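Residues per chain, in single letters:
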Amino acid sequence: MLQSIIEPSTSNVNLHGKVAIVTGGGRDIGRACALRLAGAGAKVAINYFNSAEGAASAVREIKDAGGDALALQGDMTSDADAERLVAGAREAFGNRIDILVHVTGGLIARKTIREMDVDHWNRVLDLNATSFFRMVRAVVPHMAGGGSIVGFASQAGRDGGGPGAMAYAASKGAVMTMTRGLAKELGPEIRVNSVCPGMINTDFHNTFTKPEVRANVANATPVKREGESEDVANLVGFLASDDAAFISGANVDINGGALFS
């Protein structure tokens, strides 16, 4: 049974007959989102940049469980690659796109304002905010009524981020504002929401956050742990589904209670 590849198996989210694109789907949260959507019945186009094996293994998992998926390499800071991704998904699964989950993003490096040049600022904004704009612009002409877009903001968009993460926080704040504006512009046919993860156990924090900081943040939350990619994917699956039909323009916190908004 396809749902068995995703936990929890008791979820009632139903995406049968839907076509989804997940950007940044080759690892961590993006990969978990691809599996979650497929587990609910969607056909999934998994975009990746460098994580070819992670995307390919997700496709194998989905197909072995009876679902349908493909992996498509592309750089979401490229207009042409964003357009190619949408075209590839349409060619594989039919002309319609029902769901976009845009996970692409990153910190690049921790830099304070004194250390940062305009090139770094532009790269961070392009990777996080402008890539979301590109994908929404590319996919919207092919979305019919009932479409759902889920973007990725961050707790950093609310609290300004940690040391050297001001540019990242600003880019995620932009995603949050874009989410509200797009919900107004694209409704009622298309709903637009974003998620705001806190400390999630991913390569992002393996790279950029010291273990002692991670432990302190986890212990300060009411749930006393870091989040897992599957925690975020479960929220994304709900927001993408008709179960969330009255939710649009929301930036939903998922941080174990580390920050209330």
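For the structure itself, look to the data block above.
Described below are features of the structure shown in this document. (Residues numbered from 1 in each chain as written. Predicted model: local features only at pLDDT ≥ 70, side-chain atom pairs only at ≥ 80, totals over all residues. Heavy atoms only, no water.)

## Quick word on the overall build of the protein
- Along the protein, the regular secondary structure elements total 9 helices and 7 strands.
- Its C-alpha atoms give the protein a radius of gyration of 17 Å, within 12% of the compact-globule value 18 Å for 261 residues.
- When its C-alpha atoms are laid out on the principal axes, the protein stretches across 50 × 35 × 35 Å.
- The buried share among the 261 residues of the protein stands at 51%.
- Look at the contacts in the protein between residues 6 or more apart in sequence, and 74% of them connect residues 24 or more apart.
- Within the structure as shown, the protein displays about 11600 Å² of accessible surface, and the carbon and sulfur contribution to it stands at 53%.
- If you average the places of the 25 positive and of the 28 negative side-chain charges in the protein, the two averages end up 3 Å apart. (Helix = DSSP H or I, 4+ residues; strand = E, 2+ residues; numbered from the N terminus. Rg over C-alpha atoms; globule rule 2.2 N^0.38 Å. Buried < 20%, exposed > 50% of the residue type's maximum accessible area, 1.4 Å probe, protein only. Contact = heavy atoms within 4.5 Å. Areas by Shrake-Rupley, 256 points an atom, 1.4 Å probe, with all protein chains shown as cover. Lys, Arg positive; Asp, Glu negative; His and termini not counted. Charge placed at Lys NZ, Arg CZ, Asp CG, Glu CD.)

## Points about the environment of Leu 72
- Among the secondary structure elements, Leu 72 is positioned in strand E3 (residues 69-73).
- Taking the C-alpha atoms as reference, Leu 72 lies 30 Å from Pro 188; in sequence the two are 116 residues apart.

## As for unusual backbone geometry
- For the bond from Gly 187 to Pro 188, the omega torsion is 5 degrees, close enough to zero to count as cis.
- Its place among the elements puts Pro 188 in the loop between helix H6 (166-186) and strand E6 (190-197).
- Unlike most non-glycine residues, Ile 108 shows phi in positive territory, near 70 degrees.
- Here Ile 108 is to be found in the loop between strand E4 (99-102) and helix H4 (118-139).

## Description of the packing of helix H1 (residues 28-39) against helix H2 (residues 52-64)
- At a closest axis distance of 10 Å, the pairing of H1 and H2 adopts a crossing angle of 15 degrees. By the angle between their directions, the pair H1 and H2 is classed as roughly parallel. When you trace H1 past H2, the crossing you get is right-handed. Within the contact between the two elements, H1 uses Arg 31, Ala 34, Leu 35 and Ala 38 and H2 uses Gly 54, Ser 57, Ala 58, Glu 61 and Ile 62.
- Classifying every residue of the contact of H1 with H2 by side-chain character gives 5 nonpolar, 2 polar and 2 charged. (Axes fitted to C-alpha atoms, helices over the stretch in contact; angles between N-to-C directions. Parallel < 35°, antiparallel > 145°, perpendicular 65-115°, else oblique. Left-handed = near helix turned anticlockwise from the far one by under 90°. Nonpolar A, V, L, I, M, F, W, Y, C, P; charged D, E, K, R; others polar.)

## A short note on the sheet that holds E6
- An order of E3-E2-E1-E4-E5-E6-E7 is seen for the 7 strands of this open sheet, with the pairing classed as parallel. Strands with a single pairing partner mark the edges of an open sheet, and in this sheet they are E3 and strand E7 (251-254). The mean angle between the axes of side-by-side strands here comes to 15 degrees, regardless of whether they run parallel or antiparallel.
- Looking at chain direction, strand E2 (residues 43-48) and E3 are connected through 5 bridges and run parallel. (Pairing = 2+ DSSP bridges.)

## As for the pattern of salt bridges
- Going through the model one piece at a time under the given rule, you end up with 11 salt bridges.
- Residue Arg 60 pairs with Glu 53 through a salt bridge whose shortest N-O separation is 2.8 Å.
- Since its relative accessible area comes to 43%, Arg 60 is described here as partly exposed.
- The network of salt bridges with shared partners includes Asp 79, Asp 126, Arg 134 and Arg 137. (Salt bridge = Lys/Arg side-chain N within 4 Å of Asp/Glu carboxyl O.)

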